[in-house]
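So the chains spell out like this:
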Amino acid sequence: SSYRGFPQAITFHEDRLWFAGTPSQPDGIWGSRTGRYFNFDLGDAKDDFALDLDAAVGVTNQIRHLVSNRDLQVFASQSEFFIPSFTDRPITPANAKISAQTPFGTGFARPQSLDGATLFVQATGTAVREYVFSDAQNSYTGGMVSLLSSHLIKQPIQLAVVKGSLSRPGAYGFYLMNDGTIGVYHSMRQEKKAGWMRWTTTGKFHSVCAVEEDLF
């Protein structure tokens, strides 16, 4: 509401509409009823009823982004979480659980899935990390992918991804920096190849977005 504020994190996941991160409840997460995206009635907690969760981990975390991927991934100001999905049943009020994973914190550029991982900007604005599930550790990790090109990362404010190209293999992430340049991240995970380059232009870039294989 206009009194309590509006959510800054929104996504669809498992046929529910999810909200998170209002000013009055910065670590709150709400999931709609299954298939009824504007119905948030908790009711008697049947499997298809709405969910009301709290990512309380001892510190005040402002949830900034929700990403529907292998699980429902939650990116907050001080750490990263996820709500596990199940192979044989959906998320319900009875089994929903928020699990804390990495302690880096996420900036305001919206994370996006790219080449099997979710790329996110660390809250400091000086590093790009990939949020990917490790079967060996049975948890998500947040390895830095910009370590050797940290001079290109200057407070990213937007991210657009192209997941495939007709002319070149691999996937691309285009980060718009606050100085008007674009840092391009190229990944071929199966080949264990990745790299960065910088795009500049006369003047400054103001915005970037991708529609399938087209970049604008």
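Preceding block: the structure.
Let us look at the structure shown here.

Observations concerning the overall build of the protein
Stage number 1. Counting its secondary structure elements, the protein contains zero helices and 18 strands.
Stage number 2. Taken over C-alpha atoms, the radius of gyration comes to 18 Å for the protein, in line with the 17 Å a tight globule of 216 residues would show.
Stage number 3. By principal-axis analysis of the C-alpha atoms, the protein measures approximately 60 × 40 × 35 Å.
Stage number 4. Split into buried and exposed, the 216 residues of the protein put 46% on the buried side.
Stage number 5. Taking the contacts inside the protein whose residues are at least 6 apart along the sequence as the reference set, 44% of them involve residues at least 24 apart.
Stage number 6. By element, 52% of the accessible surface of the protein is carried by carbon and sulfur atoms, the whole surface being about 11,500 Å².
Stage number 7. The positive charge centre, built from 19 side chains, and the negative charge centre, built from 20, are 6 Å apart in the protein.

Quick notes on the pairing of strand S12 (residues 139–144)
Regular strands show a simple pattern: their side chains alternate between the two faces of the sheet.
Stage number 1. In the sheet, strand S11 (residues 128–134) pairs with S12 via six bridges, with the strands oriented antiparallel. Within S12, the residue paired with Phe 133 across the bridge is Tyr 140.
Stage number 2. Taking the residues that link successive antiparallel strands as the turn, the S11-S12 hairpin has four residues, and the phi of Asn 138 there is positive, at about 55°.

Considering the side chain of Asp 71
Stage number 1. Examined against the element boundaries, Asp 71 turns out to sit in the loop between strand S5 (63–68) and strand S6 (72–76).
Stage number 2. Notably, Asp 71 is buried but unbridged: the nearest opposite-charge side chain belongs to Arg 70, and the N-O separation is 4.0 Å.
Stage number 3. In terms of polar contacts, Asp 71 uses its side chain to reach the backbone amide nitrogen of Ser 85, at 2.8 Å.
Stage number 4. There is a polar contact of 2.6 Å between the side chain of Asp 71 and the side chain of Tyr 140.
Stage number 5. The residues contacting Asp 71, other than those within four sequence positions of it, are His 13, Phe 82, Ile 83, Pro 84, Ser 85 and Tyr 140.

Quick word on the sheet that holds strand S16 (residues 193–199)
Stage number 1. Sheet architecture is open: four strands sit in the order S13-S14-S15-S16, paired in antiparallel fashion. Where the open sheet ends on each side, the last strands, each with one partner, are strand S13 (156–162) and S16. Strand after strand, the sheet turns through a mean of 20° between neighbouring axes, direction not considered.
Stage number 2. Taken together, the six bridges between S13 and strand S14 (residues 171–177) define a ladder with antiparallel strand orientation. Directly across from Pro 156, in S14, lies its bridge partner Met 177.

Re the nonpolar core
Stage number 1. Among the nonpolar cores identified, the biggest contains 16 residues, and Trp 18, Ile 29, Ile 63, Leu 66 and Ile 83 are the most heavily contacted of them.
Stage number 2. Elements supplying a minimum of two residues to this core: strand S2 (16–20), strand S4 (51–54), S5, S6 and strand S7 (80–83).
Stage number 3. Per element, the largest residue contribution to this core is three residues, and it comes from S6.
Stage number 4. Leaving out residues up to four positions away in the same chain, Leu 66 has contacts with Ala 9, Ile 10, Thr 11, Trp 18, Phe 19, Ala 20, Leu 72, Gln 73, Val 74 and Arg 110.
Stage number 5. Counting 15 residues, the second largest nonpolar core, distinct from the first, contains Leu 119, Leu 159, Val 161 and Ala 171.

Rules used throughout
Residues numbered from 1 in each chain as written. Predicted model: local features only at pLDDT ≥ 70, side-chain atom pairs only at ≥ 80, totals over all residues. Heavy atoms only, no water. Helix = DSSP H or I, 4+ residues; strand = E, 2+ residues; numbered from the N terminus. Rg over C-alpha atoms; globule rule 2.2 N^0.38 Å. Buried < 20%, exposed > 50% of the residue type's maximum accessible area, 1.4 Å probe, protein only. Contact = heavy atoms within 4.5 Å. Areas by Shrake-Rupley, 256 points an atom, 1.4 Å probe, with all protein chains shown as cover. Lys, Arg positive; Asp, Glu negative; His and termini not counted. Charge placed at Lys NZ, Arg CZ, Asp CG, Glu CD. Pairing = 2+ DSSP bridges. Salt bridge = Lys/Arg side-chain N within 4 Å of Asp/Glu carboxyl O. Polar contact = N/O pair within 3.5 Å; in protein donor to acceptor, adjacent residues only side chain to side chain. Axes fitted to C-alpha atoms, helices over the stretch in contact; angles between N-to-C directions. Core = buried A, V, L, I, M, F, W, Y, C linked by side-chain atoms within 4.5 Å.

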